[in-house]
2 protein chains.
Amino acid sequence: MSLINETHDINLTSWVASANVANGDFPIQNLPFAEVRRKNSSEAFRGAVAIGDQVIDLAKVNQLAIFSGDAQIAVAAASNATLNEFMGLGQQYWSALRLALSKALREGSAEQATLSEALIAQADIEFALPCRIGDYTDFYTSIYHATAVGSLFRPDNPLLPNYKWVPIGYHGRSSSIDVSGQTFHRPNGQTKAPDAEVPSFGPCKRLDYELELGIYLGKGNDLGDAIAIENAENHVFGFCVFNDWSARDLQAWEYQPLGPFLAKNFASTVSPWIVTTEALAPYRTSWTRDENDPQPLDYLESTHNRELGAFDIKMDVLIETQKMRDEGHTPAQVSKSSFKHSYWTVAQMVTHHTVNGCNFMPGDMLGSGTQSGPTHEEAGSLLELSRGGKEKITLSNGEQRSFLEDGDNVVMRGWCEADGFARIGFGSVEGTILPAK
Amino acid sequence: MSLINETHDINLTSWVASANVANGDFPIQNLPFAEVRRKNSSEAFRGAVAIGDQVIDLAKVNQLAIFSGDAQIAVAAASNATLNEFMGLGQQYWSALRLALSKALREGSAEQATLSEALIAQADIEFALPCRIGDYTDFYTSIYHATAVGSLFRPDNPLLPNYKWVPIGYHGRSSSIDVSGQTFHRPNGQTKAPDAEVPSFGPCKRLDYELELGIYLGKGNDLGDAIAIENAENHVFGFCVFNDWSARDLQAWEYQPLGPFLAKNFASTVSPWIVTTEALAPYRTSWTRDENDPQPLDYLESTHNRELGAFDIKMDVLIETQKMRDEGHTPAQVSKSSFKHSYWTVAQMVTHHTVNGCNFMPGDMLGSGTQSGPTHEEAGSLLELSRGGKEKITLSNGEQRSFLEDGDNVVMRGWCEADGFARIGFGSVEGTILPAK
């Protein structure tokens, strides 16, 4: 079954001219959602859709009442200060609004004059979290990351026996998730050097980023009702780029036996835009399991998942140091990867998470886990790039890093390309480290 | 500094006669909070306070406008469908409302006639979750539990080296927490027998309870602002009894390296009433650390914490099987313990959780971890009582259990007693297991 429809047509252009430039993030084929208001205003946040260098204010669209049926119900829900209600409506409403916006924004649309009233320049807006994230679960889907990190924490036993059977995940902290632009103080905590007798307290010395995707649940499920893999993607509203900041020295000391805790919950940062699952249809790809690896248990198998379960979402990481800002140097790219390398698919994550009856709520988020690719250069964390801090990496301006330093701004980007389809982008997620308190 | 005030006076009696019976849970010295409505009604849930076999409907009290100042602000906030706003007001407002209710409910109060209009019999009400639990963290504060469970999962290494330094905790799932009376299907999932080559999928065979306290945060803190231990208890609104249901066979296979996940998030059950930290003042006790154990790092130390940091909250567990219900047999007590055995105090949990800048929101919940005491009979889980399933325990009607069976209703109770003070109770938390789907 093809997931491609008229909204993905590469030949579509918009009357918003900036949407038609080559290599932009937000052509008319993308149409991602966020929560916005005018910068430095006290306006209420409301839903918006990106188009070129503008956004469409969905509260304004709702007032204009230019849509009807499911699209109008959807745009009314998306006018709220969080997208949760809209996300909870389900695929039929998400698709209806996407199609209505695609048509209204096309070159020659009869709604151009009316809809122009709802445009705001992206340069003039600020973002909130797109939704209330009730629960957040972080997965661990890159076998390259799991193996590399495992070899640092457990040299004799890098990849545990359950990894190839269980989509490993753990619960994260919602309260400290914020939107791109988050700044936070270097965390304090307990650490213990391998040669120390007792632990000590102080600022984290091994502060790291993790290059992840955030996956937003739309329609939830009732407690006790597992989501079958054939139905899993209908529950997935969309994706963002996600930086799961990590304090490696805190993590090494605290994580046994119940998992990472204070090493993670001081800050986590999402990109403002949610690229919908529907927008990603052209960049889907087959999912395979190496014949030497165990094949998944039945509840994690479906034909659709084999044929189109993977997403080729490309991602990269850049570091912008204080020195770069002072000297006008552009941020330095430090790695690049793709979600297509994931050992488990999104559908498998959703199904596994609910197979015991656990319930999702609209707006819940899954982290993909650090998306490291098969080569060392594709590693999604400094822990891996610096081989546990043993080898500093050199940035494009000559500075070196094993872990992050105060003043570093970490930028992550995501985008998709496929022959015969438009390039679409996720925008970026940025976050800056302030000195420890 | 004494935490005792006039609301704790053992000589106080109420014009609600049922509050004055010996050994009741809800004398006038208790005054716990819940969210209630009349059974089988479509009324809005609103805050209530227990008194004897009645509750005081706080939305009605708000309408009656018999209080003033902070107490009136507090009762207005406590009239909402969740207690979050009230909990976020802080200690000054919680205390003002407690004192106002204590005075108004005392024998001879001028408000008796008016306040009588706000009484509803407990037999006629149903409960909701008392608040929106944004984030839930489960701690692991019983060294007896950690040692006993550790010896089952890691016979060669039962208590890990960090245990005596770090108040170990991990993030839990909020969406599947419900109030007493929760029923849920035995979870399905992946398990792997020690002698099996590959894992298999099916219903959990080692379903267990965990006897815990739930600790509700009141006033939160901003991201980046650690809560000093001297100030920690001001953020703690109150306590409930909490059953952290656990699927031991799922847990054993999935928990490495990131901690328990599907073994926990299928259901968690809280008792409806929140007993406030203030109500617990008479049952506080000193907290000591064995001289052979390491003393805590400075950030986890305070004079107050040493003198009064512990809470002697007694708890027990009863199992009511289907056969007991069929034959009219009373539930069988299977263990009994006290929170006073906790290796870490509530203040230490709060301070540790925020020392990296992590932020609490009003209504967030901490689990104490399974409260097993020093003797085998005080173990807070069947895993421990049955020594990993190897020795069945015999219930009072002759039935035996190593783990829970379908139809079992697990009842947990909490209460406090101290010389010269009233006995107060937490009520109970109950939950029943349905067959796997």
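Residue positions are counted from 1 within each chain, in the order its sequence is given. Starting at A for chains and at 1 for ligands, labels are handed out in the order in which the entities are written. With pLDDT at 70 or above as the cut-off, local features in this predicted model cover only qualifying residues; side-chain atom pairs require 80 or more to be listed or tallied, and sums for whole chains, interfaces and linings still use all residues. Only heavy atoms go into the side-chain values, all of them from the structure, while hydrogens and water stay out.

As annotated in an unreviewed UniProt entry, chain A carries the name fumarylacetoacetase and is attributed to Pseudoalteromonas porphyrae. The UniProt entry for chain A carries the following text under Pathway (unreviewed entry): "Amino-acid degradation; L-phenylalanine degradation; acetoacetate and fumarate from L-phenylalanine: step 6/6." UniProt positions are given in the numbering used here, feature names are shortened, and annotations may be inferred rather than shown by experiment.

(A) Molecular detail of the domain arrangement of chain A. Residues and elements named next belong to chain A. These domain limits were set by an automatic method or by a database of domain assignments. Structurally, chain A comprises domain 1 (6–128) and domain 2 (136–434). The C-alpha-based centres of domain 1 and domain 2 are spaced at 28 Å. It only takes one pair of heavy atoms within 4.5 Å for two residues to be counted as in contact. With 31 residues of domain 1 in contact, the opposing surface of domain 2 contributes 28 residues. Defined here as a combined quantity, buried area equals the accessible surface (1.4 Å probe) lost by two parts on assembly, summed across both. Overall, the association of domain 1 and domain 2 removes approximately 2400 Å² of surface from exposure, summing both partners, and the carbon and sulfur fraction of that is 65%. Salt bridge, as used here: a side-chain nitrogen of Lys or Arg that lies within 4 Å of a carboxyl oxygen of Asp or Glu. Counting across the interface, domain 1 meets domain 2 through two salt bridges.

(B) Region of interest: the relation of the copies chain B and chain A. The atoms used to superpose the copies are C-alpha atoms, taken from residues with pLDDT of at least 70 in both, and the fit is least squares. The operation relating chain B to chain A is a screw motion whose rotation component is 180 degrees, with 0.0 Å of axial translation and a residual RMSD of 0.0 Å. Viewed as a symmetry operation, the transformation between the two copies matches a two-fold axis. For chain B, the minimum C-alpha distance to the rotation axis belongs to Gly259(B) and amounts to 2.2 Å.

(C) Structural view of the UniProt feature "binding site: Mg(2+)" (unreviewed entry) in chain A. Residue and element names in this part refer to chain A. Within this numbering scheme, the UniProt entry marks Asp 244, Lys 264 and Ser 268 as carrying the feature "binding site: Mg(2+)" (unreviewed entry). A maximum C-alpha distance of 7.6 Å among these annotated residues, which run over 25 residues, shows that they cluster at one spot. Only DSSP runs of H or I with at least four residues qualify as helices, and only runs of E with at least two residues qualify as strands; both kinds are numbered from the N terminus onward. Relative to the helices and strands, Asp 244 resides in the loop between β14 (236–243) and β15 (246–247). The buried label applies to any residue whose accessible area, calculated with a 1.4 Å probe on protein chains only, is under 20% of its type's maximum; exposed applies above 50%, and partly exposed to all values in between. For Asp 244, a relative accessible area of 1% corresponds to the buried category. Setting aside residues up to four positions removed in sequence, Asp 244 forms contacts with Tyr 136, Asp 138, Tyr 170, Tyr 209, Glu 210, Glu 212, Lys 264 and Ser 268.

(D) Just the packing of helix α2 (residues 69–77) of chain A against helix α4 (residues 91–105) of chain A, in detail. Residues and elements named next belong to chain A. Running from amino to carboxyl end, α2 crosses α4 at an angle of 100 degrees, the nearest separation of the two axes being 8 Å. Put simply, α2 runs roughly perpendicular to α4. Listed contacts from α4 to Asp 70, Ala 71, Ile 73, Ala 74 and Val 75 of α2 are Gln 92, Tyr 93, Ala 96, Leu 97 and Ala 100. Note on geometry: axes are lines fitted to C-alpha atoms, helical ones only across the stretch in contact, with angles between N-to-C directions running from 0 to 180 degrees. For classification purposes, an angle smaller than 35 degrees is called roughly parallel, one larger than 145 roughly antiparallel, one from 65 to 115 roughly perpendicular, and anything else oblique.

(E) View of the nonpolar core. Only buried residues count toward a nonpolar core, which is a set of Ala, Val, Leu, Ile, Met, Phe, Trp, Tyr and Cys residues joined through side-chain atoms within 4.5 Å. Judged by nonpolar contacts, the single largest core of 148 residues is most densely connected at Tyr209(A), Phe239(A), Tyr209(B) and Phe239(B). Ala77(B), Tyr136(B), Cys240(B) and Met365(B) belong to the second largest nonpolar core, which has 42 residues in total.

(F) Focus on the state of the cysteines. Residue and element names in this part refer to chain B. Two cysteine sulfur atoms make up a disulfide if the distance between them is within 2.5 Å. What the rule picks out here adds up to zero disulfides over all chains. The thiol of Cys 240 is unpaired, and the distance to the nearest cysteine sulfur, on Cys 131, comes to 8.8 Å. Judged by relative accessible area, Cys 240 falls into the buried class, the value being 0%. Cysteine Cys 416 shares no disulfide, and the gap to the nearest cysteine sulfur, in Cys 240, comes to 13 Å.

(G) View of the layout of surface pockets. Only protein atoms enter the 1 Å grid, on which a cavity is a set of points fitting a 1.4 Å probe that cannot get out and a pocket is an open set with protein on both sides within 12 Å along at least 5 of 7 lines, lining residues being those with an atom within 4 Å of a point. Grid points are joined across faces, edges and corners, and a volume is the space filled by probe spheres set on the points. Counted as a void, the largest pocket has a volume near 920 Å³. Taken together, 33 residues make up the lining of the largest pocket; nearest its centre are Arg132(A), Gly134(A), Arg132(B), Ile133(B) and Gly134(B). The nonpolar class holds Ala, Val, Leu, Ile, Met, Phe, Trp, Tyr, Cys and Pro. Asp, Glu, Lys and Arg form the charged class, and all remaining residues, Gly among them, are polar. Across the lining of the largest pocket, the residue classes break down as 13 nonpolar, 13 polar and seven charged. Taken together, 27 residues form the lining of the second largest pocket, with Lys192(B), Pro194(B), Asp249(B), Ala252(B) and Trp253(B) sitting closest to its centre. Going through the elements one at a time, α6 (143–153), β11 (200–203) and α7 (248–254) of chain B are the ones with two or more residues in the lining of the second largest pocket. Among the residues making up the lining of the second largest pocket, the classes are represented as 15 nonpolar, six polar and six charged.

(H) Geometry of the sheet that holds strand β2 (residues 46–51) of chain A. All names here are of chain A. Taken in spatial order, the five strands line up as β4-β3-β2-β1-β5 in an open sheet, and their pairing is antiparallel. One side of each edge strand has no neighbouring strand; the edge strands of this open sheet are β4 (119–121) and β5 (125–128). Each strand of the sheet is rotated relative to its neighbour by a mean of 50 degrees, with strand direction disregarded. In this description, strands pair whenever DSSP reports at least two bridges between them. Summarising the sheet, strand β3 (residues 54–57) and β4 pair through three bridges and their orientation is antiparallel. Following the sheet pairing, Val 55 is matched in β4 by Ile 120.

(I) Looking closely at the UniProt feature "domain: Fumarylacetoacetase-like C-terminal" (unreviewed entry) in chain A. Feature annotation in UniProt places "domain: Fumarylacetoacetase-like C-terminal" (unreviewed entry) on residues 165–432 of chain A, given in this structure's numbering. Annotation note: span residues 165–432 of chain A, helix share 12%, strand share 31%, distance between end C-alpha atoms 37 Å.

(J) Inspection of the interface of chain B and chain A at higher detail. Every contact between the two is made by 56 residues of chain B and, on the other side, 56 residues of chain A. The three residues of chain B that bury the most area against chain A are His171(B), Leu258(B) and Phe261(B), which together make up 15% of that side's buried surface. At the junction of chain B and chain A, the tally comes to six salt bridges. Residue Asp135(A) is joined to Arg173(B) by a salt bridge in which the shortest nitrogen-to-oxygen separation is 3.5 Å. Polar contacts, as counted here, are pairs of nitrogen or oxygen atoms within 3.5 Å of one another; within protein the pair requires one atom able to donate a hydrogen and one able to accept it, and residues that are adjacent in sequence qualify only if both atoms are side-chain atoms. Summed over the shared surface of chain B and chain A, the number is 29 residue pairs in polar contact (both at pLDDT 80 or more). Secondary structure elements with two or more residues in the side of chain B that touches chain A: β6 (136–139), β7 (169–171), β10 (188–191), β11, α7 and α10 (346–354) of chain B. When residues in the side of chain B that touches chain A are grouped by element, the largest group, three residues, is from β7(B). Taken together, the residues that form the side of chain B that touches chain A break down as 28 nonpolar, 21 polar and seven charged.

(K) Inspection of the pattern of salt bridges at higher detail. As enumerated under the stated definition, the model contains 52 salt bridges over all chains in all. Salt bridges sharing common partners tie together Asp208(A), Glu210(A), Asp244(A), Arg248(A) and Lys264(A).

(L) Local environment of the packing of aromatic side chains. Residue and element names in this part refer to chain B. Any Phe, Tyr or Trp ring, taking Trp's six-membered ring, that has another such ring centre within 6.5 Å forms a pair; planes under 30 degrees apart are called stacked, those over 60 apart edge-to-face, and the others tilted. Taken as a whole and assessed by the stated rule, the structure comprises 32 aromatic pairs over all chains. Note on Phe 184 and Trp 245: the rings are 4.8 Å apart at their centroids and 65 degrees apart in plane angle, and the pair reads as edge-to-face. Taken together, the positions of Phe 184 in strand β9 (residues 182–185) and Trp 245 in the loop between β14 (236–243) and β15 (246–247) put the pair 61 residues apart, joining distant regions of the chain. Phe 184 sits in the buried class, given a relative accessible area of 4%.

(M) Examining the side chain of Lys314(A) more closely. Residues and elements named next belong to chain A. Counting through the fold element by element, Lys 314 comes out in strand β20 (residues 314–320). Polar contacts involving the side chain of Lys 314 include one to the side chain of Asp 312, which spans 3.1 Å. In this view, Lys 314 contacts Ser 337, Ser 338, Arg 413, Gly 414, Trp 415 and Glu 417; residues no more than four positions away in its chain are not counted.

(N) α6(B), seen in detail. All names here are of chain B. Those residues of α6 that sit buried are Ile 143, His 145, Ala 146, Val 149 and Gly 150. On an axial view of α6, the arc spanned by its buried residues comes to 150 degrees, and they lie on one face. If you follow the buried residues of α6, they end up packed against α11 (382–385). To obtain the arc, one takes the directions from the helix axis to the C-beta atoms.

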